[in-house]
Each structure stands twice: as structure tokens, then as C-alpha cells.
Amino acid sequence: MVQYRAAVIGLGQIGLTYDLDPKRERPSSHALAYDLHPQIELVAAADVSKEQGAVLHRLVPEVRFYQSLPELLQNHVPDIISICTPPVHHLPAIQYVLRNTAVRIIFCEKPLVRSLEEVAILKQALEGSHCLLVPNLSRRWNSGMQRVKAEAVSGKYGELQKIHVRYTRGIFNTGAHIFDLLQWWAGHIDQVQVIDRVDTSADSDNDPSFTFVFKIGDTINGFAEAFNDKQYYMFEIDLYFSQGRITIRNSGDEVSYYCVGEHHLFSGFNNLKLDRQESKLLADANLANAVGNLVNVLAGIAKPRCTIDDSIYPLYVAQALLRSHNNNFSQEGVGR
């Protein structure tokens, strides 16, 4: 069995400490996902905080810890490097890795970069490189979300007409997942118009949360409502079709599928009736699936489920929302 070497840069929540939360399914961090995969050897990890080294060794005692990326790369030659630093450090870390290693895959947390200006710099850095950059749009690795995609395009429930979204924590943070899922299931958002701004904990990261309307093509209308996560966390999506409905609840842990049937109370009308329900979908660990996919990519038997363009697209939507808010709630087109 071929073995591959991995390293993790940044040992915050997604890099490491999510797996200290007893309520989360394991693995929920890059470090533990690599450590648990039979074809991966997690050889090293780095974080500017020395204290994170002690936390690392609680979960994976044998892994070498460093306080800088250059020091790690002086001592190790990974096949995969995960970048889990704050977004402001993503681009310089990617540039450094590309200049100083022959790493085969960079697996980077979202948002991949912070602005469309950085997109151009990133693409220039990747020109001529044999390294594959894979963003972690985590819900793409989940089999439940993959089934939503299959059902949405199957025609079983008719034509998709309306989308309702309820979310917290920012148009760059949670928005990256929402905008990616919607374009994956339904197509690119073409127009947005902000209605209101809502306070959330993401404001401290300069990541605003807006309530807004949007359009996908000529036939799909959408409404996204922001909630304050200081009151409660929210991530829900309703897809309304001409002959049914798909609802995503509890951050994607539950999905319900409805079909049209005769109304049980009113003659001459139809009603939505539960077709089937899926639950505990997040037990299908997204990061374990992601690492499995990356191993298959390294072996040459699969392609990554996420691409750079998938990760860049949400930035265009977020920038259009910012323009709408700053231009007195105007309607704005989403460029690409």
C-alpha cells in the first residue's frame, strides 16, 4: 500500500482543535483526518503558538511540531500540505510552499484568498506549477449533499423555482458554503440585492452578514435571511420545485424530500408530502472523505471534488453583496 506524507499549517479549530469537541464527529480537523487514514503519515505540523504544539501531541503524540512554515519545510518533504491559517495568511503561505517545495497537493481552507485582486496573484503563482491546489468546500465531500445534487438535477421533483436560505456568520465564511452549494445544485447567482445587515460574531473578522434577494438565471428566485448567531446558530436551505421540495436542516445533518400529492384537507389542491428523510448525515465525516479523495487523486484514479474556480466563485457573490450594501441597497450583477 502506497504511503503519502502530509503536514498541517495552522493548528486552530479546523486544523486541530475541533477534534477536542466531544459533540463533533471525528475526524473534524485536518490533523486527525490525516492521522487516521491508513495511507497517510502525518509527519509534521506548524503553528505560531507554542501552546498548540502541546495540544497537537495530546491527539497525535508522534508528530513533529514547528513554529514556522520555513522550519517545517527544511526538515520534511510532504506530498500534501494543508493550509489552515487565518485567511489573511493563505496567499503568502501558498506562494511560499510553491516556491520552496515540490509538494503535489495544497489543501487549503476557505476562503482560498480574500479578494479578487488576490485571485489574480494566486493564478499567476500557480502558472507552470505541477502542484494541485484544492480548496476545502467541505460540504462537497458529504454524501448527503451529493444526493441533494443528484435529486435536484434528476427531474424527479420538477423544475427548481425558488430557494430560501437562513444562515449566520458572514458572507465570506458561511457564504462560501452557501454560494458554492447553490451554484453546484442550481447554477450561478446572477443578481443580488441587499435588504438588511444583521450583527453576528463574524463582524469581528470584518465579515458582514446580509439579508438579501437573488436570482439564478431567468427562472429561479431566492431569498437569504441572516440571523444573529449570538442568539442561535442557523444554516438551513429550502429548494422549492414545481413538483416537490428538498429541505436541508441542522447544518446539513438532516435532509427531507417532499413530493406532490392530493391535499388531505382541501379538494382540488395538491400538498407536499414527505417522500423520505435522511438524518445524521454529518456522521459521514467530511474531512475523512476529503482526505480519501486526495489520496485517490495522488494515486491517479480520481479528480478532486473541489476546484480553484469553485472556491473563487463565492468571492464574486460576496463582492456583489458588498456593492449592493454600499450603494444604498442597489441591485447588483455578479460578475465572473
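Look above for the structure.
Here is a short report on the structure shown in this document. Since this is a predicted model, take the numbers as computed values, not measurements.

1. Details of the packing of helix α5 (residues 116–126) against helix α9 (residues 308–326)
Remark: α5 packs on α9, axes separated minimally by 10 Å, with the N-to-C direction vectors making an angle of 165 degrees. By the angle between their axes, α5 is roughly antiparallel relative to α9. As α5 packs across α9, the resulting crossing turns out to be left-handed. On α9, the residues that touch Leu116, Val119, Lys123 and Leu126 of α5 are Ile308, Asp309, Ile312, Leu315, Tyr316 and Gln319.

2. Overview of the environment of Gly252
With respect to the helices, strands and loops of the structure, Gly252 is situated in the loop between β12 (244–249) and β13 (254–262). Classification of Gly252 by relative accessible area gives buried; the value is 3%. With residues near it in sequence (within four places) discarded, Gly252 still touches Met145, Leu281 and Leu282.

3. Description of the side chain of Arg139
Along the chain, Arg139 turns up in the loop between β6 (132–136) and α6 (143–154). Buried within the structure, Arg139 lacks any salt-bridge partner; its nearest side chain of opposite charge belongs to Asp180, at an N-O separation of 8.8 Å. Engagement of the side chain of Arg139 in a polar contact is seen with the side chain of His177, the distance being 3.5 Å. Apart from residues no more than four positions distant in its own chain, Arg139 is found in contact with Met145, His177, Leu181, Trp184, Phe235, Ser251 and Asn286.

4. Concerning a nonpolar patch on the surface
There is a patch of nonpolar side chains on the surface, built from Leu265, Phe266 and Phe269 and spanning about 360 Å² of accessible area. Classification of Leu265 by relative accessible area gives exposed; the value is 59%.

5. Brief notes about the sheet that holds strand β3 (residues 64–66)
The strand order across the open sheet built from six strands is β3-β2-β1-β4-β5-β6, with neighbouring strands paired in parallel fashion. With one partner strand each, in any of the chains shown, β3 and β6 form the two edges of the open sheet. Ignoring strand direction, the axes of neighbouring strands in this sheet form an average angle of 20 degrees. The sheet contact formed by strand β4 (residues 80–83) and strand β5 (residues 105–109) spans four bridges and is parallel. In the sheet register, Ile81 faces β5, and the bridge partner there is Ile106. Sheet strands touched by helix α4 (residues 90–100): β4, β5 and β6. Its angle to β5, the strand with the most contacts, is close to 175 degrees.

Calculation rules
- Residues numbered from 1 in each chain as written.
- Predicted model: local features only at pLDDT ≥ 70, side-chain atom pairs only at ≥ 80, totals over all residues.
- Heavy atoms only, no water.
- Axes fitted to C-alpha atoms, helices over the stretch in contact; angles between N-to-C directions.
- Helix = DSSP H or I, 4+ residues; strand = E, 2+ residues; numbered from the N terminus.
- Parallel < 35°, antiparallel > 145°, perpendicular 65-115°, else oblique.
- Left-handed = near helix turned anticlockwise from the far one by under 90°.
- Contact = heavy atoms within 4.5 Å.
- Buried < 20%, exposed > 50% of the residue type's maximum accessible area, 1.4 Å probe, protein only.
- Lys, Arg positive; Asp, Glu negative; His and termini not counted.
- Salt bridge = Lys/Arg side-chain N within 4 Å of Asp/Glu carboxyl O.
- Polar contact = N/O pair within 3.5 Å; in protein donor to acceptor, adjacent residues only side chain to side chain.
- Patch = residues over 30% accessible without salt bridge, like charges linked within 9 Å, V, L, I, M, F, W, Y side chains within 5 Å.
- Areas by Shrake-Rupley, 256 points an atom, 1.4 Å probe, with all protein chains shown as cover.
- Pairing = 2+ DSSP bridges.

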